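Secondary and tertiary structure notes
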Amino acid sequence: MQSFLLFSPEVAAARAAGKPVVALESTIISHGMPYPQNVQTAREVEQVIRDAGAVPATIAIIDGKICVGLSEEQLETLGSSPDALKVSRRDLPFVLAQRRLGATTVAATMICAQLAGIEVFVTGGIGGVHRGAETSFDISADLQELAQTSVAVVCAGVKSILDIGLTLEYLETHGVPVISVGQPGFPAFFTRESGFKADFQLDEPEAQAAFIRTKWQLGLAGGVVVSNPVPAQFAMEPGEIDGIIAQALAEAEQQNVTGKSVTPFLLARIKELTGGRSLATNIALVKHNALVGARLAVALNHKAA
Ligand code: PSU
Ligand code: MN
């Protein structure tokens with residue numbers, strides 16, 4: 001397994017020095033945001049993590065390797081290449097063996113982070129149970145990954161393109177704890193409240209780290225969702241975003257969008273329909289998650305197992 005991993009000089013040095021490292025996904029770069037804001041945001045998010053005392057490791061599949069930490073040039077290639085493949089758990093062997101360019105989802109990034117010995121991973125939103133999943137069976141592989149792979153995932157909750165209630169039920173069934181930061185409610189990505197509560201509110205990085213360490217010391221493998229609401233000044237109006245999401249969902253159905261294309265289709269339509277305003281919210285929440293994730297990684301490093 002280790003022979004597939006290729007560490008950037010920055011991440012290799014951090015590992016050697018025992019510094020806290022934070023993983024970042026790349027589907028958000030290639031399929032979640034337009035070029036060039038995607039590359040710009042990826043760089044800024046990395047800097048937020050450095051400024052908070054941790055080392056960022058953006059993960060992507062390049063030339064048959066799992067690259068942990070990307071150079072400026074690699075980030076640029078990934079962000080500007082229209083043929084970067086969206087790589088979830090089932091796609092990893094294909095993209096590696098075929099030496100294709102791959103952007104990793106939450107599921108695949110968790111797998112790669114665990115292989116690389118990284119315990120904290122920062123993203124925007126995780127995948128989940130889609131609305132209508134009772135007939136489509138469309139449940140993101142991210143949830144099964146959270147059930148089995150021991151990485152803490154910092155996110156801003158899930159978008160209401162998904163069935164948030166069913167997503168939380170699914171996580172409960174699989175023993176995945178959902179922590180909230182700064183409020184009891186589980187956030188809905190663009191907005192701070194989803195109407196659902198998280199399982200446990202833990203505001204301080206030390207408390208989050210103690211929870212996560214305890215889970216893993218008990219031998220309870222699997223992830224933890226650390227949900228961090230979008231800063232209030234960047235949140236969208238619930239009334240506005242709900243209508244846009246409803247329209248995007250209706251269009252996806254009309255156009256028979258299925259499989260791995262569903263989520264990228266919805267994300268792209270939401271961005272268009274909000275005239276780019278959702279992008280500003282998206283960028284702000286990822287940066288805020290980066291800060292929370294870096295502080296968590298620093299705290300976990302103090303409690304090194
Ligand atoms: N949700 C978002 N933004 C994203 C994604 C989901 O709000 O960028 C991406 C993540 O990479 C996530 C993936 O892991 O979509 C889930 O895709 P699917 O629903 O096909 O499993
Ligand atoms: Mn799906």
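In this numbering scheme, every chain counts its residues from 1 along its sequence in written order. Whichever chain is written first is A, and whichever ligand is written first is 1; the rest continue in order. For this predicted model, a pLDDT threshold of at least 70 governs which residues receive local features, and a threshold of 80 or more governs which side-chain atom pairs are given and counted, while totals over whole chains, interfaces and linings are taken from all residues. Heavy atoms throughout the structure, all of them, feed into the side-chain values; hydrogens and water do not.

1. Some points on the side chain of serine 227
The way it works is that DSSP assigns letters per residue, a run of H or I at least four long becomes a helix, a run of E at least two long becomes a strand, and they are numbered from the N terminus. Structurally, the position occupied by serine 227 is in strand S13 (residues 224-227). By the convention used here, residues are in contact when the closest approach between their heavy atoms is within 4.5 Å. Once residues within four sequence positions are removed from consideration, serine 227 is found in contact with Cys155, Gly157, Val178, Ile179, Ser180, Val181, Phe186, Pro187 and Ala198.

2. Notes on the environment of leucine 70
Locating leucine 70 in the fold gives a position in the loop between strand S4 (65-68) and helix H4 (72-80). Per-residue accessibility, obtained with a 1.4 Å probe over protein chains only, is compared with the maximum for each type, and a residue is labelled buried under 20%, exposed over 50%, and partly exposed between these values. The buried category is assigned to leucine 70, whose relative accessible area is 9%. For leucine 70 and valine 257, which are 187 residues apart along the polypeptide, the C-alpha to C-alpha distance reads 32 Å. In contact with leucine 70, not counting residues within four places along its chain, are Ser8, Thr58, Ala60, Ile62, Leu75 and Leu78.

3. A few points about the pattern of salt bridges
A pair is scored as a salt bridge if a Lys or Arg side-chain nitrogen falls within 4 Å of a carboxyl oxygen belonging to Asp or Glu. Counting across every chain of the model gives 13 salt bridges. Notably, a salt bridge pairs arginine 50 with glutamate 10, separated by 2.6 Å at the nearest N-O pair. Linking arginine 50 in helix H3 (residues 37-51) with glutamate 10 in helix H1 (residues 9-17), this pair joins segments that are 40 residues apart in sequence. What makes arginine 50 partly exposed here is its relative accessible area of 29%.

4. A look at H3
One less than the residue count of a helix, multiplied by 1.5 Å, gives the span that helix is expected to have. Counted at 1.5 Å a residue, the expected span for H3 with its 15 residues is 21 Å, and the 21 Å between its end C-alpha atoms agrees. Every buried residue belonging to H3 is among Asn38, Val39, Thr41, Ala42, Val45, Glu46 and Ile49, and all of these are buried. Buried residues of H3 fall within an arc of 165° about the axis and therefore sit on the same side. It is the directions from the helix axis to the C-beta atoms whose arc is reported.

5. Overview of the environment of lysine 271
Tracing the backbone shows lysine 271 in helix H12 (residues 262-273). As a C-alpha pair, lysine 271 and arginine 100 span 171 residues in sequence and 27 Å in three-dimensional space. What lysine 271 contacts, discounting residues up to four positions off in sequence, is Pro34, Gly276, Ser278 and Leu279.

6. Focus on the packing of H3 against helix H13 (residues 277-302)
Between H3 and H13, whose axes approach to 8 Å, the crossing angle comes to 25°. The orientation of H3 with respect to H13, classified from their angle, is roughly parallel. Along this stretch, H3 crosses H13, giving a crossing that reads as right-handed. Of the residues in H13, those touching H3 at Gln37, Thr41, Glu44, Val45, Val48 and Ile49 are Leu279, Ile283, Val286, Lys287, Ala290, Leu291 and Ala294. Axis geometry follows a simple rule: fit a line to the C-alpha atoms, using only the stretch in contact for helices, then measure angles between N-to-C directions, giving values from 0 to 180 degrees. Oblique is the label for any angle not covered by the other classes, which are roughly parallel (under 35 degrees), roughly antiparallel (over 145) and roughly perpendicular (65 to 115). A clockwise turn of the near helix away from the far one marks a right-handed crossing, whereas an anticlockwise turn of less than a right angle marks a left-handed crossing.

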